[in-house]
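One letter stands for each residue in the lines below.
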Amino acid sequence: MKKGDKIGIVCCSNGQPQTARQQIEILKETLIELGLVPVFSKYIFDKGAGFSGSAKERAESLMEFYKDTEIKAIFDISGGDIANEILPYLDFKVIGNSKKQFWGYSDLTTILNAIYAQTGNTSVLYQIRNLIYDNGEKQQKDFAATIFEKNNSLFSFPYEFVQGETLQGSVIGGNIRCFLKLAGTPYFPDVEGKVLLLEAWGGGVPQMTTYLSQLQQMGVFEKVSGILLGTFTKMEEAGCVPDMVELVKRYAGELPVVKTGKIGHGTDAKGIIIGKEIFLVRQK
């Protein structure tokens, strides 16, 4: 992207609450100050029961941005539960022919991975609202440097190896609960040789155990090249025992496992590209 480019702003998952109108206006002003021209979908705010529009309406709004040649990238500012509802209404042929990246996090894990599974295109696990939160100054600096100067600072994150020496493969996954919504559908990506990224906002030990058990029963851990763990917000706040690292080790066998505190739901979170290969090495 370059300064002056138009970007699409959508809510494919739960609509933003009416009380967030001022916050969204601040986001708009921030993006303009950074040099971008945000164009908002008609379906941003909750009209009742969490819906900003029907599944078809939200999908069509997203596809309008893909078809509009002036829009250079698309950013989803939502999260929640209902993003997967729009998948049958998306035109993946149009998306596949587009060079535009879709950005979103949390429940948008469903769309990020569906795009990769259906088209091979990459998407970005990142919430653009981080630009206006308590780490906003740093986020704006990294975001602008990455999209305008291509210095990669938004995608550079610290990590430590739990086990193994190297981690290599194209990244799939994201929010563990939302990723599993794709199980058994045409939108679940091929896991062979991939790096499985897992993170979460809510949930405790029982919830994570059931998610990991499902992944095991699907044969995922037998096929991936390794596991990258982001943050598990509520578990880490509560100091759960066992923690997510210990839980994952029960399922991972000898797979490389890497942990970072900078991918997930934190306002200081970095971005990561779904569908792009990463190569991490244990620091000596």
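Just so it is clear, the model here is predicted, and its values are computed rather than measured. Counting starts from 1 at the beginning of each chain's written sequence and moves along it residue by residue. The predicted origin of the model limits local features to residues at a pLDDT of at least 70 and limits the giving and counting of side-chain atom pairs to 80 or more, whereas totals for whole chains, interfaces and linings rest on all residues. To get the side-chain values, all heavy atoms of the structure are used, and hydrogens and water are removed first.

1. Let's talk about the sheet that holds strand β11 (residues 272-274)
Quick reminder of the rule: Two strands pair under a simple rule: DSSP has to find at least two bridges between them. Numbering of helices and strands starts at the N terminus; helices are DSSP runs of H or I of at least 4 residues and strands are runs of E of at least 2. To obtain an axis, a line is fitted to C-alpha atoms, over the contacting stretch when the element is a helix, and the angle between two such axes runs from 0 to 180 degrees between their N-to-C directions.
Strand order in the open sheet made by the six strands is β2-β1-β3-β4-β5-β11, with mixed pairing throughout. Strands with a single pairing partner mark the edges of an open sheet, and in this sheet they are β2 (37-40) and β11. Strand after strand, the sheet turns through a mean of 30 degrees between neighbouring axes, direction not considered. Here strand β1 (residues 6-10) pairs with β2 via four bridges, running parallel. Paired with Gly 8 across the two strands is Val 39, which belongs to β2.

2. Remarks on a negative patch on the surface
Formally: For patch detection, residues must exceed 30% relative accessible area and be free of salt bridges, and they are connected within 9 Å for like charges or within 5 Å for nonpolar side chains (Val, Leu, Ile, Met, Phe, Trp, Tyr). Per-residue and other accessible areas were derived by the Shrake-Rupley procedure at a 1.4 Å probe size, with only the shown protein chains allowed to occlude residues. The term salt bridge refers to a pairing of a side-chain nitrogen on Lys or Arg with a carboxyl oxygen on Asp or Glu at a separation within 4 Å. None of His or the chain ends enter the tally, which takes Lys and Arg as positive and Asp and Glu as negative. Every charge is mapped onto a representative atom, which is NZ of Lys, CZ of Arg, CG of Asp or CD of Glu. Type-normalised accessible area, obtained with a 1.4 Å probe on protein chains alone, sets the label of each residue: buried when under 20%, exposed when over 50%, and partly exposed for intermediate values.
A cluster of like negative charges, contributed by Glu 57, Glu 60, Glu 64 and Asp 68, occupies part of the molecular surface. Owing to a relative accessible area of 31%, Glu 57 belongs among the partly exposed residues under this scheme.

3. Concerning the layout of surface pockets
How we decide: Grid spacing is 1 Å over the protein atoms alone, the probe is 1.4 Å, and a cavity is where that probe fits but cannot get out, while a pocket is an open set with protein on both sides within 12 Å along at least five of seven lines and lining residues have an atom within 4 Å of a point. Grid points are joined across faces, edges and corners, and a volume is the space filled by probe spheres set on the points. Each residue gets one label: Ala, Val, Leu, Ile, Met, Phe, Trp, Tyr, Cys and Pro are nonpolar, Asp, Glu, Lys and Arg are charged, and the others, such as Gly, are polar.
Roughly 360 Å³ of volume is contained in the largest pocket. The wall of the largest pocket is formed by 14 residues, among which Met 1, Gln 101, Trp 103, Ile 147 and Lys 150 lie closest to the centre. Elements represented by at least two residues in the lining of the largest pocket include exactly β3 (71-76) and α5 (136-149). When grouped by side-chain class, the residues that make up the lining of the largest pocket number six nonpolar, four polar and four charged.

4. Observations concerning helix α2 (residues 55-67)
Defined as follows: How far a helix is expected to stretch is found by multiplying one less than its residue total by 1.5 Å. Residues count as neighbours in contact if any of their non-hydrogen atoms are within 4.5 Å of one another.
With 13 residues, α2 ought to run about 18 Å at 1.5 Å a step, and its terminal C-alpha atoms sit 18 Å apart, in line with that. For α2, the set of buried residues is Ala 55, Arg 58, Ala 59, Ser 61, Leu 62, Met 63, Phe 65 and Tyr 66. Lining the buried residues of α2 we find β1, β2, β3, α3 (92-97), β4 (102-104) and α4 (109-119).

5. Points about the pairing of strand β7 (residues 166-175)
Remark: a regular strand shows side chains that alternate across the two faces of the sheet. The buried fraction of β7 amounts to eight of the 10 residues, a majority that puts the element mostly inside the structure. As judged from the five bridges shared by β7 and strand β8 (residues 195-200), these two strands associate in the parallel manner. Note on β8: the bridge partner recorded for Val 171 is Val 195.

6. Let's talk about the packing of aromatic side chains
The geometry of two aromatic rings is summed up by the distance between their centres and the angle between their planes. Stated formally: Here the aromatic set is Phe, Tyr and Trp, taking the six-membered ring for Trp, and pairing holds for ring centres within 6.5 Å; pairs whose planes are under 30 degrees apart are stacked, those over 60 apart are edge-to-face, and all others are tilted. Comment: the charge-over-ring label is applied if NZ (Lys) or CZ (Arg) is within 6 Å of the ring centre and within 35 degrees of the ring normal.
Under the defined criterion, the tally for this structure stands at 10 aromatic pairs. Taking the centre distance of 4.9 Å and the plane angle of 40 degrees together, the rings of Phe 75 and Trp 103 count as tilted. With a gap of 28 residues between them, Phe 75 in strand β3 and Trp 103 in strand β4 connect regions that are remote in the sequence. The pair Phe 75 / Trp 103 is uniform in exposure class, with both members buried. Relative to Tyr 159, the ring of Phe 157 has its centre 6.3 Å away and its plane inclined at 65 degrees; by these criteria the two rings are edge-to-face. You can call Phe 157 buried: its relative accessible area is 12%. Members of the aromatic cluster, joined through ring pairs, are Phe 75, Trp 103, Tyr 126, Phe 143 and Phe 155. A cation over a ring is seen here: Arg 21 above Phe 45, with NZ or CZ 3.9 Å from the ring centre.

7. Thoughts on the environment of Thr 267
Inclusion rule: For this analysis, a polar contact is any N or O atom pair within 3.5 Å, provided that within protein one partner can donate a hydrogen and the other can accept it, and provided that sequence-adjacent residues contribute only side-chain to side-chain pairs.
Topologically, Thr 267 is positioned in the loop between β10 (257-259) and β11. When the C-alpha atoms of Thr 267 and Ile 128 are compared, they prove to be 9.9 Å apart, with 139 residues separating the residues in sequence. Side-chain polar atoms of Thr 267 contact the side chain of Asn 135, separated by 2.9 Å.

8. Points about the packing of helix α7 (residues 205-217) against helix α9 (residues 244-252)
Put simply, the rule is: For classification, angles of less than 35 degrees are called roughly parallel, those exceeding 145 degrees roughly antiparallel, those between 65 and 115 degrees roughly perpendicular, and all remaining angles oblique. What makes a crossing left-handed is the near helix being turned counterclockwise from the far one by less than a right angle; a clockwise turn instead makes it right-handed.
Following both chains from N to C, one finds α7 and α9 inclined at 25 degrees, their axes separated by 10 Å at the closest point. Relative to α9, the element α7 lies roughly parallel. At the point where α7 passes α9, the crossing takes the right-handed sense. Two secondary-structure elements touch here, α7 through Val 205, Met 208, Thr 209, Leu 212, Ser 213 and Gln 216 and α9 through Met 244, Leu 247, Val 248 and Tyr 251. Its residues placed into classes, the contact of α7 with α9 shows seven nonpolar, three polar and no charged.

Limitation: the analysis is restricted to geometry and does not speak to function.
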